[in-house]
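Letter by letter, the chains look like this.
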Number of protein chains: 2
Amino acid sequence: MIVSILGGTGDQGPGMAMRWAKAGIEVIIGSRQQEKAVGVAAELNQELGQELIKGMANPEAAAASDIVAITVPFSAHKPTLESVKDHVQGKILIDVCVPLDPDNVRKMKYPEAGSATQEAQALLGDEVKVVAAFQNVSATELRHLEHDIDCDVLVCGNDRGARETVMELVEKMGMTPVDAGLAYNAPIVEGLTAVLIGLNIRNKVKGSGIRITGLP
Amino acid sequence: MIVSILGGTGDQGPGMAMRWAKAGIEVIIGSRQQEKAVGVAAELNQELGQELIKGMANPEAAAASDIVAITVPFSAHKPTLESVKDHVQGKILIDVCVPLDPDNVRKMKYPEAGSATQEAQALLGDEVKVVAAFQNVSATELRHLEHDIDCDVLVCGNDRGARETVMELVEKMGMTPVDAGLAYNAPIVEGLTAVLIGLNIRNKVKGSGIRITGLP
């Protein structure tokens, strides 16, 4: 299985790439600028001591992978999706983006579709299985490969099989996935990120997260 | 300090009332029907072995208390607030209501104001300090007085002092409060309830909850 991470040179991409690569998954880091993707992939491979991660421009990364994750700032959400639309048809798209208010990152500024996830689904069409995941996981925690992350991963989207595949990918990273149901829950799953950013700021920490309790 | 619980004869009210009463807080259970409130209060007092809880009609309960909590089904949110509007001026109102979709309780159906909390603030005016709290705590867990509840309580609202007072009331119940910031976060705090209801249904449990991790 090959997983690409569009905008993978940003905050969350490198940690996700490293954790998947260490679990034996082929990873492609995508970026608007191919050189940047190649450079970050080279740095991560050096840290891994193996050539496990490739770097490509976003459209090539999407075309070359079975599952596509997108981790761009929300201002780049639509243009990035448009640039890969033809290359993700029939695939799972993992949307990690959060529509934060650019003037106040402790606050959401929801798009008309309701959430990034629902916007992606509307833009890409019904043949793409869009699944929301990983928004609430601290980038700092993700990058600290040596310790476990004290955060569950809420997974939601309209295709049950796609949710299950993404939940397996969460487990590969050593985290606990929680099936958070259909895409109408995405505004809540994404919105928790704004709450956690506010908690990080108020408490002067970088890694607040959530756990779901009371499940069997 | 006297705390009233409007709609306190419902699912969450009795557990909240018992836990506060056991912590030494005077509690008034409110209901549309005074007799019903008096009856539930009598049952709870019998269980407590002491006369700690009173029952009144909602407006009298609001008038007689320092802090007013509302736990009615969302269909009764507006009419109940209108019935107590004059009696809550200058007080803290703890909004525990969740605007669930009546056709699908795993889904939110947000009011125009954005959330129950924001609707209450708009309806009651600026002299009332509206604070969202307790939505995510399982009614079943609340009612089992003998064990601790494995769920944090997210508290949000625009008045910092009011949030702090409510956080103390959370601690009195033996739970951990988390300052979730301003009222614009209420759609997320309330929305988590729909996610947890979905988890309860899918996992055939009654008491899923959330914990915030990574705080000092």
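Cut-offs applied
- Residues numbered from 1 in each chain as written.
- Chains lettered and ligands numbered in written order.
- Predicted model: local features only at pLDDT ≥ 70, side-chain atom pairs only at ≥ 80, totals over all residues.
- Heavy atoms only, no water.
- Least-squares fit on C-alpha atoms with pLDDT ≥ 70 in both.
- Contact = heavy atoms within 4.5 Å.
- Pairing = 2+ DSSP bridges.
- Helix = DSSP H or I, 4+ residues; strand = E, 2+ residues; numbered from the N terminus.
- Axes fitted to C-alpha atoms, helices over the stretch in contact; angles between N-to-C directions.
- Buried < 20%, exposed > 50% of the residue type's maximum accessible area, 1.4 Å probe, protein only.
- Right-handed = clockwise from strand over helix to strand, strands pointing away.
- Salt bridge = Lys/Arg side-chain N within 4 Å of Asp/Glu carboxyl O.
- Parallel < 35°, antiparallel > 145°, perpendicular 65-115°, else oblique.
- Left-handed = near helix turned anticlockwise from the far one by under 90°.
- Nonpolar A, V, L, I, M, F, W, Y, C, P; charged D, E, K, R; others polar.

Colleague: Explanation requested: the relation of the copies chain B and chain A in the structure shown.
Modeller: One copy of the chain maps onto the second through a rotation around an axis plus a translation along that axis. Aligned on chain A, chain B shows an RMSD of 0.0 Å; the corresponding rotation is 180° and the shift along the axis is 0.0 Å. The symmetry that links the two subunits is that of a two-fold axis. In this assembly, 100% of the residues forming the interface of chain B have copies in chain A that are likewise at the interface, indicating an isologous arrangement.

Colleague: What is the right way to read the sheet that holds strand 2 (residues 26-31) of chain A from this model?
Modeller: Either a parallel or an antiparallel arrangement is found when strands of a sheet pair, and the pairing is made through backbone hydrogen bonds. Residues and elements named next belong to chain A. Spatially, eight strands are ordered 3-2-1-4-5-8-9-10 in an open sheet, and the strand pairing comes out mixed. Of all strands in the sheet, those bounded by a partner on one side alone are strand 3 (53-57) and strand 10 (177-179). Across this sheet, the average inter-strand angle for adjacent strands is 25°, counted without regard to direction. Pairing of strand 8 (residues 129-132) with strand 9 (residues 153-157), which is carried by two bridges, proceeds in the antiparallel orientation. Bridge assignment links V131 to a residue of strand 9, and that residue is G157.

Colleague: What is the right way to look at the pairing of strand 5 (residues 92-95) of chain A in this model?
Modeller: A regular strand carries its side chains on alternate faces of the sheet. Of the two faces of strand 5 of chain A, the one holding I92 and I94 of chain A and the one holding L93 and D95 of chain A are both buried throughout. You can see the chain leave strand 4 (residues 67-70) of chain A, run along helix 4 (residues 77-84) of chain A and come back into strand 5 of chain A, and the turn it takes is right-handed.

Colleague: Sorry if this is basic, but what is going on with the pattern of salt bridges here?
Modeller: Between side chains of opposite charge, a pair can form when the charged atoms approach closely. Residue and element names in this part refer to chain A. Per the stated rule, a full pass over the model turns up 12 salt bridges over all chains. With a closest N to O distance of 4.0 Å, D101 and K107 form a salt bridge. Several salt bridges share partner residues, and in doing so they unite D150, D152 and R211 into one network.

Colleague: I keep staring at the packing of helix 1 (residues 13-22) of chain B against helix 2 (residues 34-48) of chain B and nothing clicks. Help me out?
Modeller: Packed helix pairs are specified by the crossing angle of their axes together with the interaxial distance, meaning the distance between the axes. Residue and element names in this part refer to chain B. One way to put it is that helix 1 packs onto helix 2 with a least axis distance of 11 Å and a crossing angle of 45°. As far as their axial angle goes, helix 2 and helix 1 are oblique. Seen from above, helix 1 lies across helix 2 with right-handed handedness. Where helix 1 abuts helix 2, its residues P14, A17, M18, A21 and K22 lie against L44, E47 and L48. Residues of the contact of helix 1 with helix 2, tallied by class, amount to six nonpolar, no polar and two charged.

Colleague: Help me understand the pairing of strand 2 (residues 26-31) of chain B in this model?
Modeller: Residues and elements named next belong to chain B. Burial analysis of strand 2 places five of its six residues in the buried class, the great majority of the element. Note that strand 1 (residues 2-6) and strand 2 share four bridges and pair parallel. For S4, the partnering residue across the bridge sits in strand 2 and is I28. A crossover links strand 1 with its parallel partner strand 2, the connecting element being helix 1, and its sense is right-handed.

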